Amino acid sequence: MKDNAISVLHRCLVLAVVLAAAFVAWPTPSEAASAKTLPPAAGSFDYQIGGPYTPAAGVKIVSRDHTATPAAGLYNICYVNAFQTQPGASSEWAANLLLRDANGKLVEDKEWPGEYMLDVRTDAKRTAILQKVGGWIDECATKGFDAVEPDNYDHYTRSKGLIDPSDSKKYMKLLVDRAHAKNLAIAQKNTLELAGDAASLGIDFAVVEECGVIWPDATAPECPEYYAAFGNRMIDIEYTDAGLKRACTAYAGVFSIVQRDVSVTPNGPRKTCSTR
């Protein structure tokens, strides 16, 4: 009788432990709802960073500037120029946070005149820059965006050798942590050279431009290399018919692909793999 009582007590204790473990393991509905989500794989995409407009029927994912409002009912990515100033906005930054060359001249992105490099070379400067950019990320979350697209991660390639990619990665990690703290997913923008570090930094997906193009100094397009790093967790924007054709031929239905005009004009030209 005593043995039976001990056996019953033992089974009760085991059941209690199992139930407790199950209670801890499963998130509450509110916790599950607040977790970051990724863009739907291969979802129809529209790149609207040049200005918002009503998305075409069937579009599932939209990227818009952080100053815009998310598109109702869609997966919304919040564009932030996180590594450079916006054109004409260098005066909005403290002078010591702008990258300067040996002659004290601001380092400009020659591909986008009026955009100047942010100086991410020290912990103190990265922290100070995050004060502003982190505020934009917080704003994205408050507005109801689902993810952040911090642009110009590859600015070190245009910095005249002044910025080491290791410093860009340290700053990117700050952006990742800030986004995740607000339950936002975060993308790597372009920067194939650092794609191998994406997982260790906590980056969730990629937004790439023209991975279907074969550049003059290359023998193959970059889409396969991005796909090797991110799988279907990537979105590709092409700006030429040739690039769209090459990307769609290999990856239609695998990841999101769209063609826009280079200026991403509101209501400007837009093609997809099914409408090219």
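What comes next concerns the included structure. Position numbers for residues count from 1 along each chain, tracking the sequence in the order it is written. Local features in this predicted model are restricted to residues of pLDDT 70 or higher, and side-chain atom pairs are both shown and tallied only at a pLDDT of 80 or more, whereas totals for entire chains, interfaces and linings draw on every residue. Hydrogens and waters are ignored; side-chain quantities use all the structure's heavy atoms.

## Re the overall build of the protein chain
Runs of H or I in DSSP of at least four residues are treated as helices and runs of E of at least two as strands, each being numbered from the N terminus. Tallying secondary structure elements over the protein chain gives 7 helices and 9 strands in all. The burial tally for the protein chain puts 44% of its 276 residues in the buried class. Sequence-distant contacts in the protein chain: of pairs separated by 6 or more residues, those separated by 24 or more amount to 61%. The method behind every accessible area is Shrake-Rupley, applied with a 1.4 Å probe, and residues are considered shielded solely by the protein chains displayed. Summing over all exposed atoms, the protein chain offers an accessible surface of approximately 13,700 Å²; the carbon and sulfur share of this is 57%. With a 1.4 Å probe rolled over the protein chains alone, any residue whose accessible area is under 20% of its type maximum counts as buried; one over 50% counts as exposed, and the rest are partly exposed. When checking whether two residues touch, look at their non-hydrogen atoms; a contact exists if any pair is within 4.5 Å.

## So, the state of the cysteines
For the purposes of this analysis, a disulfide is any pair of cysteine sulfur atoms at a distance within 2.5 Å. Under the counting rule described, the total for this entry stands at 3 disulfides. Here Cys-211 is linked by a disulfide to Cys-223, with a sulfur-sulfur distance of 1.9 Å. Residues Cys-211 and Cys-223 are joined through a disulfide that is right-handed, its torsion about the S-S bond being 80 degrees. Taken together, the residues Cys-211 in the loop between strand 6 (205–209) and helix 6 (223–230) and Cys-223 in helix 6 connect sequence positions 12 residues apart. By relative accessible area, which is 0% here, Cys-211 ends up buried. Between the sulfur atoms of Cys-248 and its disulfide mate Cys-273 the distance is 2.1 Å. In this structure the cystine formed by Cys-248 and Cys-273 twists about its S-S bond by roughly -85 degrees; its chirality is therefore left-handed. Here Cys-248 is found in helix 7 (residues 241–251), whereas its partner Cys-273 is found in the segment after strand 9 (270–271), with 25 residues between them in sequence.

## Structural notes on the pairing of strand 1 (residues 45–48)
Burial along strand 1 is two-sided: Phe-45 and Tyr-47 and Asp-46 and Gln-48, pointing in opposite directions, are all buried. DSSP-based pairing: two strands are paired if at least 2 bridges between them are found. In this structure, strand 1 lies alongside strand 2 (residues 61–65), joined through 4 bridges in parallel fashion. Bridged to Asp-46 within strand 2 is Val-62.

## Considerations on the pattern of salt bridges
A pairing counts as a salt bridge when a side-chain nitrogen of Lys or Arg comes within 4 Å of a carboxyl oxygen of Asp or Glu. Going through the model one piece at a time under the given rule, you end up with 18 salt bridges. The residue Arg-126 makes a salt bridge to Asp-123 at a minimum N-O spacing of 2.3 Å. Here Asp-123 and Arg-126 lie together in helix 3 (residues 123–143), a separation of 3 residues that amounts to about one turn. Its relative accessible area of 55% is what places Asp-123 among the exposed residues. In the salt-bridge network here, residues are joined through shared partners; they are Asp-46, Arg-260, Asp-261 and Arg-270.

## Topic: the pairing of strand 4 (residues 147–151)
Among the 5 residues that make up strand 4, 5 are buried, leaving the element largely enclosed by the rest of the structure. Alternating residues of strand 4 divide into Ala-147, Glu-149 and Asp-151 and Val-148 and Pro-150, and every residue in both groups is buried. The sheet contact formed by strand 3 (residues 75–81) and strand 4 spans 5 bridges and is parallel. Considered in strand 4, the bridge of Asn-81 is made with Asp-151. Note on handedness: a crossover is taken as right-handed if, strands pointing away from the viewer, the path from the first strand over the helix to the second is clockwise. Each parallel crossover has a hand, and the one from strand 3 via helix 3 to strand 4 is right-handed.

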